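Below, each chain spelled out in residue letters.
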Protein chains: 2
Amino acid sequence: MNETGPSSRIPTQPRTRIQRRNHKAILDAALDVFSARGFRGATVDQIALASGLSKPNLLYYFPSKEAIHQQLLSELLDIWLDPLRALDPEGDPISEILAYVRRKLEMSRQMPRESRLFANEVLQGGTHLSDTLSKVLKPLVDEKADVIRRWSDEGRIAAVHPHHLIFSIWSLTQHYADFDVQVRTVLGNAEPDPFPEAEKYLVTLFTRLLTP
Amino acid sequence: MNETGPSSRIPTQPRTRIQRRNHKAILDAALDVFSARGFRGATVDQIALASGLSKPNLLYYFPSKEAIHQQLLSELLDIWLDPLRALDPEGDPISEILAYVRRKLEMSRQMPRESRLFANEVLQGGTHLSDTLSKVLKPLVDEKADVIRRWSDEGRIAAVHPHHLIFSIWSLTQHYADFDVQVRTVLGNAEPDPFPEAEKYLVTLFTRLLTP
DNA sequence: TGAATGTTTGACCAAATGGTCAGGAACACG
DNA sequence: CGTGTTCCTGACCATTTGGTCAAACATTCA
């Protein structure tokens, strides 16, 4: 065991300037590599190269490949759920849901690597996530599903299964990040940026679905 | 190079009974392993074990891990596109699209491994697919998109962007196979089989979206 | 300036992994 | 039955990969 290096010290915060810089560089490079090739497909050498560090130096900052992956995932889930957290029970139902859709789609556009990291993980059984999934994701979804059900009961939106509504928002928006290659291949050069049309389409879809 | 074995002979059809049996066993085991762990995450040993063969014996039937993967993918795409091929330009527009949705959802239920294999591949840049994607998938989608546009122009369905409509059918139905873990975690034990509700929800969604 | 602390690296290792090969076992068939 | 072909395996190999370590190099700050 390598007992030197900041990685052995359970640092709440990286201390020095250099540590902060390299920490960041590693996580960014790792996001590139993990999202593009999956956990097993990524090698420590690739991450080291992409972050501009040597492999031993990288392992001075993180105890293992696994640890980097783990940290990325745990940081990710919070960011990932923020758009749903922001769904306001006191707001106008349809506007709130449409705003959620827009925020999620915007995340697919701005953070495709994060989306793919998550997709890779869930796709392969979500072993590194299953705890967080049931302890963080499920309660939040249940809470927001209740809000949607209430709106539905009050006749402010059309009747829909709240959980499946949420699934559909996830799948429709994340599709543009996760299946990017396919989307762009099918659309061809005529529509180089799929997102503007995607937004129009999704707004139409959810408006027609939800308007009572 | 191992020049013995049926794999070196470009066999149009496996010859003997044993070859047919083992070929099938290998492809089935490989589908299990590749879909669950991705190409790089899968090992030849795992596939060999799952198919009940020794590693050298497996490599007697296929020249390489890559070759198994390749064959699975090329067989897959045809199956995968069948539901779309069946979309009948002469049929009733809404019934046709709903039937397509149902067929795709049924495939997610019956063939989740295939769905995940495909997702894994596209997610990681689709390098093994990009040719087929542009030469087979795109033309077919363009053709069916034209049909949908015609229906739209004739006022038989509401106005929608045809390509994005197709994307939405893909993402919504495949989500239940690809993100199975997440779906089941969120729904909990109360709804052990998500598919019946999923079908209701999707039928409602597309009916409301498309009814003029 | 110099000692303590933090950072970096070349060389190295053990395990895992894709693949090979020589030869033995099982089978088909005249 | 025997002989040619198909099928199967233990032993082996080269490469890749995650990770280690001692020692050199920087940086900080008293």
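Note that the structure is predicted; figures quoted are calculated from it, not measured.

## So, the protein's contact with DNA strand D
Every one of the 21 residues lining DNA strand D counts as a neighbour, but Val44 and Lys65 of chain A together with Thr16, Gln19 and Tyr61 of chain B are closest to it. Within 4 Å of the protein, the atoms of DNA strand D are drawn from sugar and phosphate moieties in a proportion of 61%. Between DNA strand D and the protein, one listed contact pairs a base nitrogen with a side-chain N or O atom of Lys55 of chain A at 3.0 Å. Here a phosphate oxygen of DNA strand D sits 3.3 Å away from a polar atom, N or O, in the side chain of Arg40 of chain B. The set of elements that each furnish at least two residues to the surface near DNA strand D consists of helix 3 (55–61) of chain A together with helix 1 (17–41) and helix 3 (55–61) of chain B. A class-by-class count of the residues in the surface near DNA strand D yields 9 nonpolar, 8 polar and 4 charged.

## A closer look at the interface of chain A and chain B
At the interface, 54 residues of chain A touch 55 residues of chain B. Inspection of the region where chain A meets chain B yields 0 salt bridges. Across the chain A-chain B interface, the total number found is 18 residue pairs in polar contact (both at pLDDT 80 or more). Contributions of two or more residues to the side of chain A that touches chain B are made by helix 1 (17–41), helix 6 (112–123), helix 7 (130–153), helix 8 (162–178), helix 9 (180–187) and helix 10 (195–210) of chain A. Classifying every residue of the side of chain A that touches chain B gives 27 nonpolar, 18 polar and 9 charged.

## Details of the relation of the copies chain A and chain B
Note on the identical chains: chain A maps onto chain B by a rotation of 180° and an axial translation of 0.0 Å, with an RMSD of 0.0 Å. Taken together, the rotation and translation describe the operation of a two-fold axis. When you check the interface residues of chain A against chain B, 100% turn up at the interface there too, and the contact is symmetric in its surfaces.

## Quick word on the packing of helix 8 of chain A against helix 10 of chain A
Residue and element names in this part refer to chain A. Running from amino to carboxyl end, helix 8 crosses helix 10 at an angle of 170°, the nearest separation of the two axes being 11 Å. Judged by the inter-axis angle, helix 8 sits roughly antiparallel to helix 10. The way helix 8 lies across helix 10 gives a crossing that is right-handed. Residues Leu165, Ser168, Ile169, Leu172, Thr173 and Tyr176 of helix 8 touch helix 10, and the partners they reach there are Phe195, Ala198, Leu202, Leu205, Phe206, Leu209 and Leu210. Each residue belonging to the contact of helix 8 with helix 10 can be placed in one class, and the counts come to 11 nonpolar, 2 polar and no charged.

## A short note on the domain arrangement of chain A
All names here are of chain A. Each assigned domain of chain A is listed with its residue range as follows: domain 1 (7–63) and domain 2 (73–210). Facing the 7 residues of domain 1 at the interface are 6 residues of domain 2. Between domain 1 and domain 2, roughly 640 Å² of surface is buried when both sides are summed, and carbon and sulfur atoms account for 57% of that area. Where domain 1 meets domain 2, there are 2 salt bridges.

## Examining the UniProt feature "domain: HTH tetR-type" (unreviewed entry) in chain A
On the UniProt side, "domain: HTH tetR-type" (unreviewed entry) is annotated at positions that read residues 20–80 of chain A here. Between the end C-alpha atoms of residues 20–80 of chain A there is a gap of 23 Å, over a span that is 87% helix and 0% strand.

## So, a positive patch on the surface
Residues Arg37 and Arg40 of chain A together with Arg37 and Arg40 of chain B make up a contiguous surface patch of positive charge. In this fold, Arg37 of chain B is placed in helix 1.

Calculation notes
Residues numbered from 1 in each chain as written. Chains lettered and ligands numbered in written order. Predicted model: local features only at pLDDT ≥ 70, side-chain atom pairs only at ≥ 80, totals over all residues. Heavy atoms only, no water. Near = heavy atom within 4 Å. Polar contact = N/O pair within 3.5 Å; in protein donor to acceptor, adjacent residues only side chain to side chain. Helix = DSSP H or I, 4+ residues; strand = E, 2+ residues; numbered from the N terminus. Nonpolar A, V, L, I, M, F, W, Y, C, P; charged D, E, K, R; others polar. Contact = heavy atoms within 4.5 Å. Salt bridge = Lys/Arg side-chain N within 4 Å of Asp/Glu carboxyl O. Least-squares fit on C-alpha atoms with pLDDT ≥ 70 in both. Axes fitted to C-alpha atoms, helices over the stretch in contact; angles between N-to-C directions. Parallel < 35°, antiparallel > 145°, perpendicular 65-115°, else oblique. Left-handed = near helix turned anticlockwise from the far one by under 90°. Domains from an automatic or database assignment. Buried area = accessible area lost by both parts, 1.4 Å probe. UniProt positions renumbered as here; feature names shortened; annotations may be inferred. Patch = residues over 30% accessible without salt bridge, like charges linked within 9 Å, V, L, I, M, F, W, Y side chains within 5 Å. Areas by Shrake-Rupley, 256 points an atom, 1.4 Å probe, with all protein chains shown as cover. Lys, Arg positive; Asp, Glu negative; His and termini not counted. Charge placed at Lys NZ, Arg CZ, Asp CG, Glu CD.

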